[in-house]
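# Close look at the chain arrangement
Read off the chains here:
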Amino acid sequence: MRTGQALPLRDDLAGREPYGSPQLDVPVRLNVNENPYPPSAALVRAIAAAVAGAAAGLNRYPDRDAAGLRDDLARYLGHGLTGEQVWAANGSNEIIQQLLQAFGGAGRTALGFEPSYSMHPEIAQNTGTRWVPAARDAGDDGFGLDPGRAAAVVGEQQPDVVFLASPNNPTGTALPLAVIEAVCAAAPGMVVVDEAYAEFARDRSRSALDLLPRYERLVVTRTMSKAFALAGARVGYLAAAPAVVRALQIVRLPYHLSAITQAVARVALRHAGELLATVSDLRLERDALVGWLRGRGLAAADSDANFVLFGTFADRHAVWQGLLDRGVLIREVGPPGWLRVTVGTAAEMSAFRAALNDVLAGA
Ligand SMILES: *Cc1c(COP(=O)(O)O)cnc(C)c1O
């Protein structure tokens, strides 16, 4: 029987599976790029107090515009940004969905350079936006993107929305600002730079936020899920021209961001120093991991994120399964032969190294 036959599901959704990597209960989970450090006891208490404060007003709808949170996020981003240039939602995935609802949709196209974040094409499809895949450069030295070629592809395809992830998932590659500038100059529509991993970059001085004053149609998306160690709270945001924020306010559901979420995010931002302190440990652990993998004779892509793409394996699934059998869950994603491992605590990384040694010795 054809999937969806019983239900009048949209033709373009028939046969599709829900997106998501396996949520398995194993000792070492290094598969979805979470920050391995839970909030401190003091932060848990501060969050609980803020939730209690918000709970006392739960008979009322939340601030529809999340004005306080947006001001706080603007202050965190710096670059002279104000709350008018910032928008927040339930994870940056919801931000991407709102962007495609406003600027994509039926009869429109969105383009991305693959391999990249699979939610960009997923959300494009869900919103009826035609997805146009383009390729990143495939050099021996990694997974970059030549500015001239990127601009030429965009000029030829004329997409309504271009996605550039920097640092990119799953390769870990940060784009030089010249690539983003070239794409902005060539693009007829919106250019969305997904900076979910910005805080992990080796050179954090090159954010696309620098380019916002020059490009009206540029959008920079960020998340509290990774560096801020707040994946469970579901908070993502963007910075763009105020007109872009007003466009998203047309498509957002009223009261989309709960009073609880707004309160939790604001407490986390007040504790930004403590939360982001884990980032420098993770960066060191990442660089050590890249060195270890290469020392072991494997390929490892240079990473500006909290994960490393490594390989290559004739049977990557067997390596993934071997690690899982030893209690280590990583992600089977990326170009053929490659695997992606999230950077965890020192103890988790030594468990990963021991398991990988064991798997490769047996192969
Ligand atoms: C993890 C990730 C996100 C974050 O999604 P949230 O919905 O904010 O949790 C966004 N973009 C990329 C490229 C990611 O890897």
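Residues numbered from 1 in each chain as written. Predicted model: local features only at pLDDT ≥ 70, side-chain atom pairs only at ≥ 80, totals over all residues. Heavy atoms only, no water.

## Describing the sheet that holds strand β9 (residues 299–300)
Defined as follows: When DSSP finds at least two bridges between two strands, those strands are taken to pair. Each helix is a run of H or I in the DSSP string that is no shorter than four residues. Each strand is a run of E no shorter than two, and both are numbered from the N terminus.
The sheet built from three strands is open, its strands ordered β9-β10-β12 with antiparallel pairing. Looking along the sheet, the strands with just one partner apiece sit at the ends: β9 and β12 (339–342). Bridge count for β9 against strand β10 (residues 307–311) is two bridges, and the pairing is antiparallel. When the sheet's bridge partners are listed, Ala-300 is paired in β10 with Phe-310.

## As for the site of the ligand
So the rule is basically this: Whether a residue is near a molecule or strand depends on its heavy atoms: it is near if one of them lies within 4 Å of it. By the criterion applied in these results, polar contacts are pairs of N or O atoms within 3.5 Å in which, for protein atoms, one can donate a hydrogen and the other can accept it, and in which residues neighboring in sequence qualify only through two side-chain atoms. Computed with a 1.4 Å probe, the accessible areas rest on the Shrake-Rupley method; for each residue, only the protein chains presented here act as cover. Residues are grouped as follows: Ala, Val, Leu, Ile, Met, Phe, Trp, Tyr, Cys and Pro are nonpolar; Asp, Glu, Lys and Arg are charged; all remaining types, including Gly, are polar.
Every residue lining the ligand is accounted for by Gly-91, Ser-92, Asn-93, Tyr-117, Asn-169, Asp-194, Ala-196, Tyr-197, Thr-223, Ser-225, Lys-226 and Arg-234. A distance of 3.1 Å separates an oxygen atom of the ligand from a polar backbone atom of Asn-93. In the environment of the ligand, an oxygen atom lies 2.8 Å from a nitrogen or oxygen atom belonging to the side chain of Arg-234. When isolated, the ligand has an accessible area of 390 Å², and the protein chains bury 94% of it. Residue classes in the shell around the ligand are distributed as three nonpolar, six polar and three charged.

## Focus: the sheet that holds strand β4 (residues 130–135)
For clarity, the cut-off: In this analysis, axes come from line fits to C-alpha atoms, helices being fitted only over the stretch in contact, and the angle between any two N-to-C directions falls in the range 0 to 180 degrees.
In spatial order, the strands read β2-β8-β7-β6-β5-β3-β4; together these seven strands make up an open sheet with mixed pairing. Only two strands of the sheet have a single partner each, and these edge strands are β2 (86–89) and β4. Pairwise comparison of adjacent strand axes, ignoring direction, gives a mean angle of 25 degrees for this sheet. Both strand β6 (residues 190–194) and strand β7 (residues 218–223) contribute to a ladder of four bridges, which runs parallel.

## Thoughts on the packing of helix α3 (residues 92–103) against helix α7 (residues 242–251)
This is how it is decided: Should an angle lie under 35 degrees it is considered roughly parallel, over 145 roughly antiparallel, and from 65 to 115 roughly perpendicular; all remaining angles are considered oblique. The contact rule is simple, with two residues in contact once any of their heavy atoms fall within 4.5 Å.
Across the interface, α3 lies against α7 with an axial gap of 9 Å and an inter-helix angle of 90 degrees. Of the possible angle classes, the one that applies to α3 and α7 is roughly perpendicular. Note on element contacts: α7 touches α3 through Val-244, Ala-247, Leu-248 and Val-251, opposite Gln-98, Leu-99, Gln-101, Ala-102 and Phe-103.

## Quick look at the domain arrangement of the protein
Inclusion rule: Annotation comment: domain bounds sourced from an automatic or database domain assignment. Values labelled buried area give the accessible surface lost by two parts on being combined, using a 1.4 Å probe and summing over both. By salt bridge we mean one thing: a side-chain nitrogen of Lys or Arg within 4 Å of a carboxyl oxygen of Asp or Glu.
Domains assigned within the protein are domain 1 (22–39 + 274–362) and domain 2 (42–271). Summarising the inter-unit geometry, the C-alpha centres of domain 1 and domain 2 are found 25 Å apart. With 27 residues of domain 1 at the contact, the number on the domain 2 side is 27 residues. Roughly 2,400 Å² of surface becomes buried between domain 1 and domain 2 when both sides are summed, with 61% attributable to carbon and sulfur atoms. Counting the contacts that link domain 1 with domain 2 gives one salt bridge. The salt bridge involving Asp-304 is made with Arg-202; its shortest N-O contact spans 3.0 Å. Counting across the domain 1 and domain 2 interface gives 10 residue pairs in polar contact (both at pLDDT 80 or more). Of all elements in the fold, only α9 (272–295) and β10 reach the threshold of two or more residues within the side of domain 1 that touches domain 2. At nine residues, the largest contribution of residues to the side of domain 1 that touches domain 2 is made by α9. Its residues placed into classes, the side of domain 1 that touches domain 2 shows 14 nonpolar, six polar and seven charged.

## So, the environment of Leu-257
The test is simple: Each residue's exposure class comes from its accessible area (1.4 Å probe, protein chains only) as a fraction of the maximum for that residue type: buried when under 20%, exposed when over 50%, partly exposed otherwise.
Looking at the element boundaries, Leu-257 is found in the loop between α7 and α8 (259–270). Leu-257 gets classed as buried once you look at its relative accessible area, which sits at 2%. If sequence neighbours within four positions are ignored, Leu-257 has contacts with Pro-62, Ala-66, Leu-69, Ala-88, Ala-89, Asn-90 and Gln-262.

## With respect to the pattern of salt bridges
Within this structure, the stated rule accounts for 13 salt bridges. In this structure, the salt-bridge partner of Arg-10 is Asp-12, at a minimum N-O distance of 3.0 Å. By relative accessible area, which is 38% here, Asp-12 ends up partly exposed. When salt bridges that share partners are traced, they join Asp-72, Arg-75 and Arg-266 into one network.

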